[in-house]
Amino acid sequence: MAASYVAATLLKFIALCIFASGFLLTRRESDAIGARVATADGGAIVDKVVVLIIDGARYDWSLDDASLEGNHPAGRKQLTLPTVRRYGSTCVDADGKRRRSGEDKGRGKVFKFIADAPTTTQQRLKGLLTGGLPTFIDVSASFGGTSLREDNVVSQLHRAGKRMAISGDDTWAELFDVNATFGVEAAMYPSFDVKDTETVDAGVRYRMNEALARPQDWDVLIGHMLGADHVGHTHGATTDAMRTKLAQNDVDIENIIDAMRSDERFENSLLLVFGDHGMTDNGDHGGGTAEEVESFLLAYHPWAKHDVSCTAEDEILPQIDFAPTLATLLGVPIPHGNLGRVNQQILSLVTRKTWIESMPSIYTLFTKIQSRFGTILALTATGSTGRSALATCFTSENS
Ligand SMILES: [Zn+2]
């Protein structure tokens, strides 16, 4: 009897040890710094990247009303950020019309952006920037506590001399010496008061608006809004307060897109709008439920000439793919500890121009000659009637 009790206790202890060693992984940090650039020629694909993080943004906020109907309770019908779908969808409707209306240029794509648990902001930022997987107990090798000592995409950009500006959630200031890293501007706002749903967003709105008017001063612009996350914590995710906040954030996204579309200095730039994690209906996050780990990512190239066709469902983009993709877009080495992959779909939104395309007047002339030459060939093949038409080919100006 006593022997079986001891054996059972021993077994329980061993089982607990196995569980703890698997679940509560300690994490070792490496000092190594990545040196590999993913592009063939090692160059940057874009010269500017604008990042807007909407903290706690759920994936279903990116869906349009039509797709929400039937999938979600009626009360949540209007909880969306319509601008995300409008600029991120290039889908063609059954009647052949693009769902997006009145667009002359621009190319975007929405992804289902999947975080790894734990879904807390600090752990997510670490995962986003290193391309790695933080653990539930993140034991830092340094006494710096929460600071980010591992190789990451922000350090790589800084090392490569990219000029960066940031505004928003002061969690960034726990990870970096923000003033040294973000030399252009670092305007951090307090994140601890979850009842304050406006201060951080208002600060980011003001700073980003100012920075977008002077793109010559920076290469990377980051804004991290916290309002939606705080509304979730204070009021819940399915409330009127959230509806008001999303309407506000939707205008924020649209204003950034408008600024980038109306200024030629953003011709070779990319906008990335995403959430670092989602939230439950109660507005909580930290765990691994679908509502907590699923966010969206909108990648938008404001000056692209043509659209790409889209698939019926948004593709999955693991959060760990963010760091290697951002590094590749800006032509800096991928962080050493990265586990993610470079997302080719995002790269394909921005295609580098050929030398002739980059000279507008020569390019126009070239396409004119090409089309005229095609007409000449077609007409000479049709004999004498064609030859008389050939004369008009040189006088007509509307070909
Ligand atoms: Zn967060």
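Residues numbered from 1 in each chain as written. Predicted model: local features only at pLDDT ≥ 70, side-chain atom pairs only at ≥ 80, totals over all residues.

**Some words on the overall build of the chain**
And then number 1: Secondary structure assignment for the chain yields 15 helices and 8 strands.
And then number 2: Residues classed as buried in the chain amount to 39% of the 399 residues present.
And then number 3: Summarising the internal contacts of the chain: among those between residues at least 6 apart in sequence, 69% fall at separations of at least 24. (Helix = DSSP H or I, 4+ residues; strand = E, 2+ residues; numbered from the N terminus. Buried ≥ 20, exposed ≤ 12 C-beta atoms within 10 Å, placed from the backbone. Contact = placed C-beta atoms within 7 Å.)

**Topic: helix H4 (residues 121-130)**
And then number 1: Across the 10 residues of H4, 9 count as buried, placing the element largely inside the fold.
And then number 2: All of the buried residues in H4 are Thr-121, Gln-123, Arg-124, Leu-125, Lys-126, Gly-127, Leu-128, Leu-129 and Thr-130.
And then number 3: Where H4 is buried, its residues meet helix H5 (153-159), strand S3 (164-169), helix H6 (171-175) and helix H12 (322-329).
And then number 4: Following H4 by one or two positions, Gly-131 has its phi on the positive side, about 75°.

**Focus on unusual backbone geometry**
And then number 1: In this structure, the amide linkage connecting Ala-117 to the following residue, Pro-118, adopts the cis form with an omega of 0°.
And then number 2: With respect to the helices, strands and loops of the structure, Pro-118 is situated in the loop between strand S2 (107-114) and H4.

**Some details on the nonpolar core**
And then number 1: One finds Phe-296 and Leu-298 to be the most contacted residues of the largest nonpolar core, which totals 75 residues.
And then number 2: Examining the composition of this core, we find that 6 residues originate from one element, helix H10 (residues 240-261), more than from any other.
And then number 3: Aside from chain neighbours lying at most four places away, what touches Phe-296 is Ala-57, Tyr-59, Ser-62, Val-84, Val-110, Phe-111, Lys-112, Phe-113, Phe-274 and Gly-275. (Core = buried A, V, L, I, M, F, W, Y, C linked by C-beta atoms within 7 Å.)

**So, helix H8 (residues 199-212)**
And then number 1: Its 14 residues place the ends of H8 20 Å apart at the C-alpha level, agreeing with the 20 Å of an ideal helix rising 1.5 Å per residue.
And then number 2: The complete set of buried residues in H8 reads Val-200, Asp-201, Gly-203, Val-204, Arg-205, Arg-207, Met-208, Ala-211 and Leu-212.
And then number 3: The elements touched by buried residues of H8 are S3, strand S4 (185-189), strand S5 (220-225), helix H9 (227-235) and H10. (Expected span 1.5 Å × (residues − 1).)

**Structural notes on the environment of Lys-245**
And then number 1: Mapping Lys-245 onto the fold places it in helix H10.
And then number 2: Sequence separation between Lys-245 and Thr-197 is 48 residues; the distance between their C-alpha atoms is 8.5 Å.
And then number 3: Among residues more than four places away in sequence, those in contact with Lys-245 are Thr-197, Gly-227, Ala-228 and Val-231.

**Re the confidence of the model for the chain**
And then number 1: On average, residues of the chain score 82 in pLDDT, and 74% of them reach the 70 mark or higher.
And then number 2: Contacts from residues 96-102, a stretch scored under 50 in pLDDT, to residues over four places away or in other chains number 9 contacts. (pLDDT = per-residue confidence, 0-100.)

**Observations regarding the pairing of S4**
And then number 1: Side chains Ala-186 and Met-188 of S4 all project onto a buried face; the interleaved residues Glu-185, Ala-187 and Tyr-189 project onto a face where none is buried.
And then number 2: Direction of pairing for S3 relative to S4: parallel, over a ladder of 5 bridges. Bridge pairing in S4 places Ile-166 opposite Ala-186. (Pairing = 2+ DSSP bridges.)

**Regarding the sheet that holds S3**
And then number 1: Read from one edge to the other, the open sheet built from 8 strands follows the order S4-S3-S5-S1-S6-S7-S2-S8, with strand pairing classed as mixed. At either margin of the open sheet sits one strand with a lone partner, and together these are S4 and strand S8 (315-318). Adjacent strand axes in the sheet meet at a mean angle of 15°, parallel and antiparallel pairs treated alike.
And then number 2: Pairing analysis gives 4 bridges linking S2 to S8, with the strands arranged parallel. Within S8, the position partnered with Lys-112 by the bridge is Ile-316. (Axes fitted to C-alpha atoms, helices over the stretch in contact; angles between N-to-C directions.)

**Looking at the packing of H9 against H10**
And then number 1: Across the interface, H9 lies against H10 with an axial gap of 10 Å and an inter-helix angle of 180°. By the angle between their directions, the pair H9 and H10 is classed as roughly antiparallel. Packed against H9, whose contacting residues are Gly-227, Ala-228, Val-231, Gly-232 and His-235, the element H10 presents Ala-241, Met-242, Lys-245, Leu-246 and Asn-249 at the interface.
And then number 2: Residue composition of the contact of H9 with H10, by class: 5 nonpolar, 4 polar and 1 charged. (Parallel < 35°, antiparallel > 145°, perpendicular 65-115°, else oblique. Nonpolar A, V, L, I, M, F, W, Y, C, P; charged D, E, K, R; others polar.)

**Some words on the pairing of S5**
As a general feature of sheets, a regular strand has side chains that alternate between the two faces.
And then number 1: Counting buried positions along S5 yields 6 of 6 residues, so the element is predominantly enclosed.
And then number 2: Residues Val-220, Ile-222 and His-224 point to one face of S5 and Leu-221, Gly-223 and Met-225 to the other, with burial holding for every one of them.
And then number 3: Pairing of strand S1 (residues 48-54) with S5 involves 6 bridges; the strand directions are parallel. Each bridged residue has a counterpart across the sheet, and for Ile-53 the counterpart in S5 is His-224.

**Notes on the environment of Ala-187**
And then number 1: As for its position among the elements, Ala-187 is in strand S4.
And then number 2: For the pair formed by Ala-187 and Asp-170, sequence separation is 17 residues and the distance between their alpha carbons is 8.5 Å.
And then number 3: If near-sequence neighbours (up to four positions away) are discounted, Ala-187 is found in contact with Ser-167, Gly-203 and Arg-207.

**Some points on the environment of Ser-155**
And then number 1: Mapping Ser-155 onto the fold places it in helix H5.
And then number 2: The exposure class of Ser-155 is buried, given the 20 C-beta atoms found within 10 Å.
And then number 3: For the pair Ser-155 and Phe-182, spaced 27 residues apart in sequence, the C-alpha separation works out to 10.0 Å.

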